[in-house]
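# Observations on the model geometry
Here is what each chain is made of, one letter per residue.
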Amino acid sequence: MTMTKRILYILCTGLLMACADTTEWDDSYLNGQEKTPISTMALLDMSTPQSRAANKDFATGDVLLAYLRHVTWDGTTAGARTSISADQAPLLVSFTNQAASEPYTGGNISPIGLTQELELNSTNTTQTTSLSASPILFWDDLSEGGIGDPKNIRTDGHYLQSYYGYCYNGGTPLVPFDKPTGTLGWQVPYDQTTAEAVQHSDLLWSAEQTPVQYAHGTNSGAAGGHGTILLPFTHALSMVTVDVIANDGFDASALANTELELQNVNRKGTFTAPNYSVTAATTDVEEGEKNGKVKMFKGNVETNAEGKATCTYQAIVVPQTLLALDPVQLFLKVNAVDGNHYILNVTDNMLTGWAAGLVEGKMQPGYNYHLTLTLNKAGIQVVAMLKDWIQVEATGTGIIQFSTDLRNIQPTESQPLVAGTSYYIYESTANDDVSYATHATERKYDGSIWTNDPEIYWQGEGESRYFRGLAVMNGGLLTTTGVADRAASQGVDLVWATTPKHTGVDNNGVTQTISEGMAIDPRTSEVPLRFEHAMSKVKFLLVTSTGDDAVDLTDAVISIADLFSAGTINISTGNITPSTPALFETAHEVQNILIPQDLTDRRLTITLKDGTKYSVLLTNCVDSNSGTQIGEWERGRSYTYTITLGKEAIQFRAMIKDWNNTEGKGNASLDWD
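Cut-offs applied
Numbering of residues begins from 1 in every chain and follows the order in which that chain's sequence is written. Only residues with pLDDT of at least 70 are given local features in this predicted model, and only at 80 or more are side-chain atom pairs given and counted; all residues enter the totals for whole chains, interfaces and linings. Heavy atoms from the whole structure form the basis of all side-chain values; hydrogens and water molecules are not counted. The secondary structure listing takes helices from DSSP runs of H or I that are at least 4 residues long and strands from runs of E that are at least 2 residues long, numbered from the N terminus. Here the term buried applies to any residue with accessible area under 20% of the maximum for its type, exposed to any over 50%, and partly exposed to those in between, with areas from a 1.4 Å probe on protein chains only. By definition, residues are in contact when any of their heavy atoms lie within 4.5 Å. Only strands that DSSP links by at least two bridges are regarded as paired with each other. Interaxial angles span 0 to 180 degrees and are taken between N-to-C directions of axes, which are lines fitted to C-alpha atoms, for helices over the stretch in contact. The predictor's confidence in any single residue is recorded as pLDDT, a number from 0 to 100. Paired rings are identified among Phe, Tyr and Trp, the last through its six-membered ring, by centres lying within 6.5 Å, and are further divided according to the angle between planes into stacked (under 30 degrees), edge-to-face (over 60) and tilted (the rest). Our definition puts a charge over a ring when NZ of Lys or CZ of Arg is within 6 Å of the ring centre and also within 35 degrees of the ring normal.

## A word on the environment of Ile 593
If you trace the backbone, Ile 593 turns up in strand β45 (residues 591–594). Measuring from C-alpha to C-alpha, the distance between Ile 593 and Asp 493 comes to 6.1 Å, with 100 residues separating the pair along the chain.

Right under this line is the structure:
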């Protein structure tokens, strides 16, 4: 970042007589015909837009005030400058600009009592000699008596000095200045959205200058004339310039309605020109909600080389605005960037980049605090976790027995994913299955980072969204194979995700709790997704005795007639609606991924290779503890049926084998066992 110090100057050249060889003077030379007016030349910096210097010129009619005084002085920097109470001294003079400017070619100027030079050069400064003074200035107008009189300005040790100066730049002082001290009150407006408002805010001032002694006998046509009165005007206010770039996620029209509002800046202060002193008022009760705020001037929206919309915003503020990190200080609000709103707090980068223009963290007069602000739509970041199957164990008396369900299994640490892992994210402003249909993006993992294809963004302040996910488990990994159309089919381990209950701390430091599955307000932090199995897992184990009643289980076939083998998952709820009934067949000891479904009238049949059949209604299976029938296969549950077959009787026992008890968690990564 760069800082531009913008400076404005007036150079007054005093010429007394056109006679080059006169070395002694008397009162005969002091009549109106022989008095020589003090000619004037104004200099101004042209580096900062939106001031009167923007066009390298003062506006015609601009008035610059200079307070001139007749002083005695010993010629040293530390020496006292004592004002002489002559008839017309000190004198407040108005200089009115009449014409345009030309490049300045002189050297640097250092006001007395100040250490810095004003760094004048032909590239940043222009000058004009077309200034009319009111009243017209004569050297001897600031003098009394003849030569030798202690009030005569041509006496040794007597000088003409520019004590201070002001240029209102079209504005009006809040409190008229006190002439003897050069102190006035100034306030910048809240609304600076027009170029005129910025110009009228820009107070200029001139510090106390080195006194100039009248040069006796100097040719009025020579450089310097009879002495040069310097009036260098600088900016008494501070400027803030913000270049906004609407970057990732925005199109060329993103900044069409964008407004910037500075926060916690000073708008009112007391200025003392002779020593460049500012005392700022940090609060103003009369301003109410506008206190400390400024709406910035907006330039033209343009397109940069990358095709991104850019725009420059500017405003004038009163110096001594404090920029601090502790506590966190809000500096800028950026409103209506394609429906989004941003805030900018004071940052380390700002303090570092602006260090040359800060004293004890406070903004200084004459500095343009330039900031390049790149805005991105907050890409929706996702942290995904996988919830394991809820285990259902069955033991005890009865044909098939189940123990008490084990629920709320705690997440376990996950294993690293491999490249090629991906899943679908669905997002919508309404929580219904139809609304999710056209809002899907694929999230991919290449082994090091996650990317979204296409990228998805928050669309605006206050627009909350619901999020769901869908994928296929494949050897402990997630893939998107076969899930784009949300179809569920037998054998495919479909996993579905919702936002789990989670907590976070908001910008006010208050802990907020988000309930499971609820809409998420726009945020810069991640949106968590917890995946869980949407299907049911069923395994049938056939056992027989070792005695005479043993049967041959080789090539035994287990079948269920009219079992649903396909369906469609509801993205909103994760529930699967079965659609296609068919004969289901499996061998024993095989894990089967099946559609969750009602088991009413579903009969399990076991056919041995010799043709012997065994069968049982699945709904006759009861929980050994509760005694309730198991009437359906629920999603996310793993069922293991252990069935004992004998020649004389069929005994059944069922239990559940754990299925990949893993839950991944982490920052924008998916890691599964």
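So that's the structure; there's more coming.
## A word on the environment of Gly 517
For Gly 517, the position within the fold is in the loop between β40 (511–514) and β41 (527–533). For Gly 517, a relative accessible area of 9% puts it in the buried group. Spatially, the C-alpha atom of Gly 517 lies 4.9 Å from that of Thr 499, the residues being 18 residues apart in sequence. Once residues within four sequence positions are removed from consideration, Gly 517 is found in contact with Tyr 466, Arg 468, Thr 498 and Thr 499.

## A word on the sheet that holds strand β18 (residues 268–272)
Reading across the sheet, the 4 strands line up as β11-β12-β18-β19 and stay open at both edges, with antiparallel pairing between neighbours. On the outer flanks of this sheet lie β11 (175–178) and β19 (277–281), each paired with one strand and no other. Direction aside, the axes of adjacent strands within the sheet are offset by 20° on average. Here β18 runs beside β19; their pairing, made up of 5 bridges, is antiparallel. By the bridge assignment, Gly 269 is partnered in β19 with Ala 280.

## Quick notes on the confidence of the model for the chain
Put simply, the chain has an average pLDDT of 75, and 77% of its residues get 70 or more. Below pLDDT 50 for its whole length, residues 219–224 participates in 9 contacts with residues either more than four positions away or in separate chains. Every residue in residues 390–416 scores below 50 in pLDDT, and together they form 86 contacts with partners more than four places removed in sequence or on other chains.

## Quick word on the packing of aromatic side chains
Under the definition given, this model contains 15 aromatic pairs. For the pair Tyr 367 and Tyr 369, a centre-to-centre distance of 6.1 Å together with 45° between the ring planes defines the contact as tilted. Assigned by exposure class, Tyr 367 and Tyr 369 land together as buried. Taken together through their ring pairs, the aromatic side chains of Tyr 67, Tyr 163, Tyr 164, Tyr 166 and Phe 177 make up a single cluster. For the cation-ring pair, Arg 69 lies above Tyr 163, with the distance from its terminal atom to the ring centre recorded as 3.8 Å. The ring of Trp 496 carries the charged tip of Arg 635 above its face, separated from the ring centre by 4.9 Å.

## Overview of the pairing of β18
Where strand β12 (residues 183–187) meets β18, 5 bridges bridge the pair, whose relative direction is antiparallel. Across the sheet, Thr 183 pairs through a bridge with Thr 272, a residue of β18. Connecting β18 to the antiparallel partner β19 that follows it, the hairpin turn spans 4 residues, and Tyr 276 within it adopts a positive phi of roughly 55°.

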